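Examining the three-dimensional arrangement
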Amino acid sequence: MIRKNKGDGIKSIKAACYDEYRMTVNEKIRYFAVIGALALLISYLFYDSWYAFFVLIPAGIVLMRRIRRDLLEKRRSELRMQFQDMIDSVSSALSAGYSVENAFYEARKDMVRLYGNKSLIVRELDYFFSMLENGQPFENILSDFAKRANVEDITDFSEIFVLAKRNGGDFKGIIGKTVRIMKEKDETEREIRVILSGRRYEQKIMCIIPFGIILYLRLSSGSFLKVLYHNPAGIIIMTVCLLIYAASYVLSGKITDIKV
């Protein structure tokens, strides 16, 4: 049985989906405003025509999809970090003599103190206990969570957890060793992020420089760029430059996105 205390407030909730990200109204307004401002800036700097803004709308839709994908990855990263803290708490509870289910319940209380009742991991733990009350085996619930989350660390832990519980043996030792390995991997990733932080900052600066150069030339020597505007050849040249810039931005992002 799961040991519960009064006032813990575990509720029955639906399983969260991590395959798509639904943006809030505020997020949609904020990012549409940013994309609109960027489209206007490009229209002014590269084409000297507000009509280009409407031509760039399809690119804005693609960019919004990229933003949604980045927000999804950010949420998965947040879930992964919270999950690591949770299983660390579970490992400590197991070492203190708690049963598996009660160890997760104790971990829930720690997660509430760390991240709050509305955090991703607390909502998942609430779902865990809701399913347990409906008679679902804990292994099935954890495996389902791993499939929904689509996070490597969660999948690995789920597989090891299920095998360890079914086959018996030193269950606490296996879980403890798994937690240590995941911590070491996380520390390595953090070191890589620290090393790359300077390069990512430089990347952001380099992405701004082309706009700054064109804006400076427009304001200081407008006639110098006049030949590139309002004629087919100039439009083609500026479009090619814009495509090269976009490709460079994507490539630089992939170069600095190193995962362990």
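Cut-offs used in this document
- Every residue gets a number counted from 1 within its own chain, in the order that chain's sequence is written.
- The predicted nature of this model means local features are confined to residues of pLDDT at least 70 and side-chain atom pairs, given and counted, to a pLDDT of 80 or more, with totals for whole chains, interfaces and linings taken over all residues.
- Computation of side-chain values: all heavy atoms of the structure, hydrogens and water removed.
- Runs of E in the DSSP output that reach at least two residues are strands. Runs of H or I that reach at least four are helices, and both are numbered from the N terminus.
- Two things to know: the radius of gyration comes from C-alpha atoms, and the globule rule equals 2.2 Å times the number of residues to the power 0.38.
- Exposure categories follow from relative accessible area, calculated using a 1.4 Å probe and restricted to protein chains: below 20% of the type maximum is buried, above 50% is exposed, and the middle band is partly exposed.
- For this analysis, a ring pair means two rings from Phe, Tyr or Trp (six-membered ring only for Trp) whose centres lie within 6.5 Å, classed as stacked if their planes differ by under 30 degrees, edge-to-face if by over 60, and tilted for the remaining angles.
- The pocket and cavity definitions rest on a 1 Å grid over protein atoms only: a 1.4 Å probe that fits but cannot leave marks a cavity, an open set with protein on both sides within 12 Å along at least five of seven lines marks a pocket, and residues lining either have an atom within 4 Å of a point.
- Grid points are joined across faces, edges and corners, and a volume is the space filled by probe spheres set on the points.
- Classification used: nonpolar for Ala, Val, Leu, Ile, Met, Phe, Trp, Tyr, Cys and Pro, charged for Asp, Glu, Lys and Arg, polar for all others including Gly.
- In these notes, a set of buried Ala, Val, Leu, Ile, Met, Phe, Trp, Tyr and Cys residues joined through side-chain atoms within 4.5 Å is what counts as a nonpolar core.
- In what follows, a contact means two residues having at least one pair of non-hydrogen atoms within 4.5 Å.
- How sure the predictor is of each residue is captured by pLDDT, a score from 0 to 100.
- With axes taken as lines fitted to C-alpha atoms, and helix axes fitted only over the stretch in contact, angles between N-to-C directions fall between 0 and 180 degrees.
- For any pair of crossing helices, the crossing counts as left-handed if the nearer helix is rotated counterclockwise from the farther one by less than a right angle, and right-handed if it is rotated clockwise.

1. Thoughts on the overall build of the protein chain
A tally of regular secondary structure across the protein chain gives 9 helices and 0 strands. Counting from the amino terminus, helix and strand elements in the protein chain follow one another as α-α-α-α-α-α-α-α-α. Its C-alpha radius of gyration of 25 Å places the protein chain more than 25% over the 18 Å reference for a compact globule of 260 residues. When its C-alpha atoms are laid out on the principal axes, the protein chain stretches across 80 × 35 × 30 Å. Looking at the 260 residues of the protein chain, the share that counts as buried comes to 38%.

2. A look at the packing of aromatic side chains
Using the criterion set out here, one finds 14 aromatic pairs in the structure. Between Phe46 and Phe211, the aromatic rings sit 5.9 Å apart at their centres with planes inclined by 75 degrees, giving edge-to-face as the arrangement. One end of the pair, Phe46, is in helix α1 (residues 25-47); the other, Phe211, is in helix α8 (residues 171-220), with 165 residues separating them in the sequence. Take Phe46: its relative accessible area is 4%, and that puts it in the buried class. With centroids separated by 5.5 Å and ring planes inclined at 75 degrees, the aromatic side chains of Phe83 and Phe157 adopt a geometry described as edge-to-face. On the criterion of sequence distance, the pair formed by Phe83 in helix α3 (residues 57-95) and Phe157 in helix α7 (residues 152-167) is long-range, its members being 74 residues apart.

3. Considering the layout of surface pockets
Of the pockets and cavities examined, the second largest pocket occupies roughly 240 Å³. Taken together, 10 residues line the second largest pocket, and the ones lying closest to its centre are Ala16, Cys17, Glu20, Arg22 and Arg75. Considered class by class, the residues forming the lining of the second largest pocket number 5 nonpolar, no polar and 5 charged.

4. Topic: the nonpolar core
Formed by 38 residues in total, the largest nonpolar core has its most connected members in Phe83, Met86, Phe104, Phe128, Phe145, Phe157 and Phe161. Ranked by the residues each element gives to this core, the list is headed by helix α5 (residues 120-133), at 9 residues. Not counting residues up to four positions away in its chain, the partners in contact with Phe157 are Phe83, Ile87, Phe104, Leu142, Ile175, Thr178 and Met182. If you look at the next biggest cluster of nonpolar residues, it comprises 14 residues, including Ile42, Phe46, Leu228 and Met238.

5. Section: unusual backbone geometry
The phi dihedral of Asp48 falls on the positive side, at around 50 degrees, and the residue is not glycine. Residue position: Asp48 is located in the loop between α1 and α2 (52-55). Positive phi, close to 55 degrees, is recorded for Asn150, a residue that is not glycine. Along the chain, the position of Asn150 falls in the loop between α6 (138-149) and α7.

6. Section: the side chain of Ser158
Note that Ser158 resides in helix α7. A residue is classified by how much of its surface remains accessible, and Ser158, at 3% relative accessible area, is buried. Ignoring anything within four residues of it in the chain, the contact list for Ser158 reads Leu142, Ser143 and Ala146.

7. Here's the deal with the confidence of the model for the protein chain
Per-chain confidence: the protein chain averages 83 in pLDDT, with 92% of residues scoring 70 or above. Across residues 1-12, where pLDDT falls below 50, the model places 25 contacts with residues more than four positions away in sequence or in other chains.

8. Structural notes on the packing of helix α4 (residues 100-115) against α7
Running from N to C, α4 and α7 point in directions that differ by 145 degrees, and their axes come no closer than 13 Å. Facing Val100, Glu101 and Phe104 of α4, the residues of α7 in contact are Phe157, Phe161 and Lys165. The class makeup of the residues in the contact of α4 with α7 is 4 nonpolar, no polar and 2 charged.

9. Here we look at the environment of Glu101
Counting through the fold element by element, Glu101 comes out in helix α4. Taking the relative accessible area as the measure of exposure, Glu101 reaches 21% and is therefore partly exposed. Spatially, the C-alpha atom of Glu101 lies 7.9 Å from that of Phe138, the residues being 37 residues apart in sequence.

10. Remarks on the packing of α5 against α6
Put simply, α5 and α6 touch, their axes get as near as 10 Å, and they point 145 degrees apart. Every pair of crossing elements has a handedness; the one defined by α5 and α6 is right-handed. On the side of α5, the interface is formed by Glu124, Tyr127, Phe128, Met131 and Leu132, while α6 contributes Phe138, Ile141, Leu142, Asp144, Phe145 and Arg148. In terms of residue class, the contact of α5 with α6 is made up of 8 nonpolar, no polar and 3 charged.

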